[in-house]
Amino acid sequence: MLAELGIEVRKKRPPGLAERVLRLVVIGLVLASLPFVLLVRGGVTAYRAWDVGTWPALALSSVATAGVLALYAWWLARRVGARRRARGVFARAAAGLGLVYVTYALLFVASANVKSEEVRREYRAMHPLLRVASSVVILVDPQAVVTDAGRTPADYRRMGLPASEASLHFVQSDGYVHALDLRTVGRSELRNRAIQATFWMLGFRTLRHVGTADHLHVSLRMPRG
């Protein structure tokens, strides 16, 4: 009818191959990153904005992440034609894998990703959410190196720097260190900026500054309450 009235109707051009591939890549990246964002950013939000405490915040975000992984596995199993019982097995396995990853992130950091054994020993003194976030970043960038975590006033004096009482490198009131430093020297600026942006998007404060050496300072602020 529109054609009879002289109105030209243009059919929507179907997406080309490049457009379809790009769309699939974007969707894949979003789906792949969602569990990690939910785990870390969700935990940081629960900790800082809701002030529910360290371990409850991490537990909430871990359970939510496990649920998302279970849904992924259920959907994928259904797509490949798995029976209902098998879908449940896959879903539970995916959820369990997510919880295993959280446990791994809390307890372990590879020696290649720390400056020294001393820093590696300090790893468990860091706030659990900071440990999990560090593990996620190292998963994306295996060459990332933590150069410092916990400090004491004597450490600052040894470096010839003033010891600020507000430093989050000190153990805070909740019993954890809330800051770490990452190596930036010998790495491309693009990679350094990408890591800084990743921590920022996950809810952490980031600062690129020069103390004893150029490095990226990452910190978790205390709850707002």
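Residues numbered from 1 in each chain as written. Predicted model: local features only at pLDDT ≥ 70, side-chain atom pairs only at ≥ 80, totals over all residues. Heavy atoms only, no water.

Novice: It is not clear to me how the pairing of strand β2 (residues 179–183) should be interpreted in this structure. Could you clarify?
Specialist: Sheet faces and side chains relate simply in a regular strand, where the side chains alternate between the two faces. Of all the five residues making up β2, four are buried; the element is thus mostly covered by neighbouring parts of the structure. Pairing of strand β1 (residues 146–148) with β2 involves two bridges; the strand directions are antiparallel. Looking at the pairing, D148 lines up with D181 of β2. As defined by bridge partners, β2 adjoins strand β4 (residues 214–219) across five bridges and the pair is classed as antiparallel. Looking across to β4, one finds that D181 is bridged to H217. (Buried < 20%, exposed > 50% of the residue type's maximum accessible area, 1.4 Å probe, protein only. Helix = DSSP H or I, 4+ residues; strand = E, 2+ residues; numbered from the N terminus. Pairing = 2+ DSSP bridges.)

Novice: Even after reading the chapter, I still don't get the side chain of H178, so can you show me in this structure?
Specialist: Along the chain, H178 falls in the loop between α6 (153–159) and β2. Among residues more than four places away in sequence, those in contact with H178 are Y47, H127, L130, L168, F170, Q172, V218, S219, L220, R221 and M222. (Contact = heavy atoms within 4.5 Å.)

Novice: Is there a simple way to think about the packing of aromatic side chains in this case?
Specialist: Any aromatic ring pair is given by two values, namely how distant the centres are and how the planes are angled relative to each other. For the coordinates displayed, the defined rule picks out four aromatic pairs. Put simply, the rings of F36, Y101, Y104 and F108 touch in pairs and so form one group of aromatic residues. (Phe/Tyr/Trp six-rings, centres within 6.5 Å; stacked < 30°, edge-to-face > 60°.)

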